[in-house]
Amino acid sequence: MDKFRMIFQFLQSNQESFMNGICGIMALASAQMYSAFDFNCPCLPHYNLAYGLGILLVPPFILFLLGFVLNNNVSMLAEEWRRPRGHRGKDPAVLRYMFCSMAQRAMIAPVVWVSVTLLDGKCITCAFCTSVPVETLGNISHPGFSQGEMKRVLARIPCKEIYDGQELIANEVAVRYLRCISQALGWCFVLLMTTLAFLVRSLRPCFTQAIFLKSRYWSHYIDIERKLFDETCAEHARSFARVCIQQFFEGMSTDLAAIRCHSPRKTPADAGEAVEKLLGITDQSTMNSALKSWHRCKPPLHLQHPALHSSNGCAGEEHPPAHSPVPRREMAAYYSRV
Amino acid sequence: MDCFRMIFQYFQSNSESVMNGICGLLALASVKIYTCFDFSCPCLPWYNMAYGLGIMFIPSVIFLFCGLILNRQSLVMLEEWSRPQGSRKKDPAVIRYMCSSIMQRAMVAPIVWIIVTLLDGKCLICAFSGSVDPEKFVGFANTTPVQVQQLLAKVPCKDDELMRNNTSRKAVSRYLRCWSQALGWSILLILIIAAFLARWFRPCFDQVTLLQAHHWSNYIDIEQKIFEETCCEHSRQFAHKCILHFFESMREEIKLHSFRLPREGEGAEREEDLLRGIANQDQVNKLLKMWYYEKPPLNVSQVTHR
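Keep in mind that what you see is a predicted model, and the values were worked out from it rather than measured. (Residues numbered from 1 in each chain as written. Chains lettered and ligands numbered in written order. Predicted model: local features only at pLDDT ≥ 70, side-chain atom pairs only at ≥ 80, totals over all residues. Heavy atoms only, no water.)

1. Some words on helix α3 (residues 47-69) of chain A
- Across its 23 residues, α3(A) extends 31 Å between first and last C-alpha, which sits within 8% of the 33 Å expected from 1.5 Å per residue.
- Of all the bends found along α3(A), the most pronounced is centred on Gly54(A) and spans about 35°. (Helix = DSSP H or I, 4+ residues; strand = E, 2+ residues; numbered from the N terminus. Expected span 1.5 Å × (residues − 1). Bend = angle between axes of the 7 residues up to and from the residue.)

What follows is the structure, given as structure tokens:
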């Protein structure tokens, strides 16, 4: 259990590790889904190809899209792509990095499905049983079979219990042949994917390593910034609610005290702390403009000294400033009001 | 047990996670219930379709209602929708946002049930075995229409004496199952494409309204929780004071004949503080009524200016 907890904490430690965990779970789930799925070849001439190729290709596509849907970074990428420029420039390299890393993770479950399907062999057997070379493997000169009739008989190869063409071509021979081709395809596919992954991983540092490091840093930054913003908003909402409810109770008691001529209640001690956490935002319209500015006009990536900190300057501005503050040198001092 | 506790703590960390956890549990429950359920097709001409389609749709409606009932946010949303305006105006965007997030989560378990049903195939074979074209299958081509209907209705029952080793039955069964699985995968594909497009293109439309609606719907949820906690605390103090008062009044009667002065502890003043001046049933009832009929405005600036 200790080991499990360590793994769980490690995967939770940042968004990338978490996504790696999800990606691994989806790969296992795709293998499990394939074994749970009851493959059922229709054994009819045109349906076989559609069914076989459908089972080979449609679930991987679904798993690929599911990999994107489950990835929280998708909305982050779309938001970063569509936001107005404001005071903060947009770096297409960062967007490309985010998209590539999401696509790479989303590819793993479909590759697992395709490999497992090909290595198992049922799909290829079902799809291509009508194209078996009867001249070499069977007895083509057997009389009494027209083209259509032969196709109908061959289509029943995957269904042993209704196969009636044993004189034309033995069922086991055809199945073994098709399965051999399927497994060869499967192993070649796995080899190809592994080679590609190896080449990408080993050759990438030879090109654009500096840009890669920069893009990775800023994509992590955007992710962390969004999380912190959500946490700050939640904390703010909590303090706002606390103060709002306290005021409500006080308002009621003041009304009642006015009738009884008592002195008004003093503010409870913990109201002070809750008020501080409000960060100066004390009503609905101010909060709405804060949220609007966050999207329309994100602050520049330039930390300032507290004494020099001025307003965001985004209210009412629609056009970006003359020179965009692309951060070439960051200030060393760490300043945070969170 | 440790791993359950960790998973539980992760899901409890905020109310969205709780809802996602419940939604996931319902989806797993629907798969488990399907595997445990003993499907038993009646194999009679009109009953098949009713049974097959009934098993496909009725449990999904039940799961939909379960998803709505188990989600705490649906009550919060209904309250927000039905409350009188008072000093706090209502934002339809917030209500729409809450409604759509509740419906999305509630739809997961019914969709999982329908897809598992279609991928398994038994329901569709049972419902539509009588609607298959008998000309396509050798064993059913040369019989009278009434007999054909009866035979086709028996296709889902493998152990029936007429159907036991019938190759045409197996052909019809395979044909219907193939269609059922194709339908299941297609529905899954369409839904995933829709979810993918929604996730990609949502930030392109009105991201500001979305941020604001998300924030205020979260706020309403937190406010409701804190109000309940405050009321709980208040009622605890109320009960404490009430009982102490009762014992005091009993003691007063006994002390009537003695000369000891009643003690005034500092504890009494502190407890009065916690009661915030609301110290009898009518006042509490009035407070609860005001909370519903006239929620306070979203403006706490008077505190900061004191």
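Continuing now.
2. Side note on the packing of aromatic side chains
- Taken as a whole and assessed by the stated rule, the structure comprises 25 aromatic pairs over all chains.
- Seen from their ring centres, Phe68(A) and Phe196(B) are 5.7 Å apart, and the 70° between their planes marks the pair as edge-to-face. A residue pair is termed interchain when its members come from two chains, as with Phe68(A) in helix α3 and Phe196(B) in helix α8 (residues 167-201). Each of the two residues, Phe68(A) as well as Phe196(B), counts as buried.
- On the basis of an interplanar angle of 65° and a centroid distance of 5.2 Å, the ring pair of Phe39(B) and Tyr51(B) is categorised as edge-to-face. (Phe/Tyr/Trp six-rings, centres within 6.5 Å; stacked < 30°, edge-to-face > 60°. Buried < 20%, exposed > 50% of the residue type's maximum accessible area, 1.4 Å probe, protein only.)

3. Quick look at the pattern of salt bridges
- Tallied over the full model, the rule gives 15 salt bridges over all chains.
- Close ionic contact of Arg152(A) with Glu149(A) constitutes a salt bridge, the shortest N to O distance being 2.8 Å. With a gap of 3 residues between them, Arg152(A) and Glu149(A) both fall in helix α8 (residues 147-154), about one helical turn apart.
- Overall, the relative accessible area of 29% leaves Glu149(A) in the partly exposed class.
- Via salt bridges that share partners, Arg72(B), Asp221(B) and Lys225(B) belong to a single interconnected network. (Salt bridge = Lys/Arg side-chain N within 4 Å of Asp/Glu carboxyl O.)

4. A short note on the domain arrangement of chain B
Residue and element names in this part refer to chain B.
- Considered domain by domain, chain B is made up of domain 1 (1-205) and domain 2 (211-255 + 278-305).
- Taking only C-alpha atoms into account, the centre of domain 1 sits 44 Å from that of domain 2.
- On the domain 2 side, the residues contacting the 16 residues of domain 1 number 18 residues.
- Ranking the residues of domain 1 by area buried against domain 2 places Arg72, Glu79 and Arg88 at the top, with a combined share of 35%. (Domains from an automatic or database assignment. Contact = heavy atoms within 4.5 Å. Buried area = accessible area lost by both parts, 1.4 Å probe.)

5. Notes on the interface of chain B and chain A
- Taken together, the contact between chain B and chain A spans 63 residues of the former and 73 residues of the latter.
- Interface of chain B and chain A: buried area, both sides summed, is about 6900 Å²; carbon and sulfur atoms make up 71% of it.
- Among the residues chain B hides against chain A, the three largest losses belong to Arg174(B), Trp185(B) and Arg199(B). Together they make up 12% of the total.
- Joining chain B to chain A, the criterion identifies 2 salt bridges.
- The closest approach of N and O atoms between Arg177(B) and Asp38(A), which form a salt bridge, is 2.9 Å.
- At the boundary of chain B and chain A, one finds 10 residue pairs in polar contact (both at pLDDT 80 or more).
- Within the residue set of the side of chain B that touches chain A, elements represented by two or more residues are α1 (2-12), α8, α9 (207-255), α10 (266-275), α11 (281-293) and α12 (301-304) of chain B.
- Tallying contributions element by element places α8(B) first for the side of chain B that touches chain A, with 17 residues. (Polar contact = N/O pair within 3.5 Å; in protein donor to acceptor, adjacent residues only side chain to side chain.)

6. Regarding the state of the cysteines
- With the rule as written, the count across this model stands at 4 disulfides over all chains.
- Disulfide pairing is shown between Cys43(A) and Cys159(A); the S-S distance is 1.6 Å. Taking the sign of the S-S torsion, about 85° here, the bridge from Cys43(A) to Cys159(A) comes out right-handed. Of this pair, Cys43(A) sits in the loop between α2 (15-36) and α3 while Cys159(A) sits in the loop between α8 and α9 (171-203), and the two are 116 residues apart along the sequence.
- Note on Cys43(A): relative accessible area 3%, which makes it buried.
- Covalently, Cys43(B) is tied to Cys157(B) through a disulfide, its sulfur atoms 1.7 Å apart. Its S-S torsion of about 100° marks the bond between Cys43(B) and Cys157(B) as right-handed, since a negative value means left-handed. (Disulfide = S-S within 2.5 Å.)

7. What to know about empty space enclosed by the protein
All names here are of chain A.
- As enumerated under the stated definition, the model contains 6 cavities of 30 Å³ or more in all.
- Residue lining of the largest cavity: 14 residues in total, with Glu16, Asn73, Ser101, Ser219 and His220 positioned closest to the centre.
- Counting only elements with at least two residues in the lining of the largest cavity, the list comes to α2, α4 (73-82), α5 (92-120) and α10 (209-260).
- For the lining of the largest cavity, the leading source of residues is α5, giving 5 residues.
- Across the lining of the largest cavity, the residue classes tally to 5 nonpolar, 6 polar and 3 charged.
- Of the voids in this model, the second largest cavity is the one considered here, and its volume is about 110 Å³.
- Around the second largest cavity, the lining residues are Met76, Glu79, Glu80, Arg83, Ile222, Glu225, Arg226, Trp294, His295 and Lys298.
- Those elements that provide at least two residues to the lining of the second largest cavity are α4, α10 and α12 (284-296).
- Broken down by class, the residue content of the lining of the second largest cavity amounts to 3 nonpolar, 1 polar and 6 charged. (1 Å grid on protein atoms, 1.4 Å probe; cavity = no way out; pocket = protein on both sides within 12 Å on 5 of 7 lines; lining within 4 Å. Points joined across faces, edges and corners; volume = space filled by probe spheres on them. Nonpolar A, V, L, I, M, F, W, Y, C, P; charged D, E, K, R; others polar.)

8. Notes on the environment of Ile193(B)
- Locating Ile193(B) in the fold gives a position in helix α8.
- A relative accessible area of 31% places Ile193(B) in the partly exposed class.
- Residues contacting Ile193(B), with those up to four places away along its chain left out, are Phe61(A) and Leu65(A).

9. With respect to the UniProt feature "transmembrane region" (unreviewed entry) in chain A
All names here are of chain A.
- Annotation from UniProt places "transmembrane region" (unreviewed entry) at residues 21-37, 49-72 and 184-203.
- Taken end to end, residues 21-37 comprises 94% helix and 0% strand; its first and last C-alpha atoms sit 24 Å apart.
- Taken end to end, residues 184-203 has its terminal C-alpha atoms 28 Å apart, with 100% of it in helix and 0% in strand. (UniProt positions renumbered as here; feature names shortened; annotations may be inferred.)

10. A look at the nonpolar core
- One finds Phe37(A), Phe39(A), Tyr51(A), Ile55(A), Phe68(A), Trp185(B) and Trp200(B) to be the most contacted residues of the largest nonpolar core, which totals 38 residues.
- With 8 residues, the top contributor of residues to this core is α5(A).
- With residues near it in sequence (within four places) discarded, Trp200(B) still touches Phe68(A), Val74(A), Leu77(A), Ala78(A) and Phe99(A).
- In this structure, Phe240(A), Ala241(A), Ile220(B) and Phe227(B) belong to the second largest nonpolar core, which totals 34 residues. (Core = buried A, V, L, I, M, F, W, Y, C linked by side-chain atoms within 4.5 Å.)

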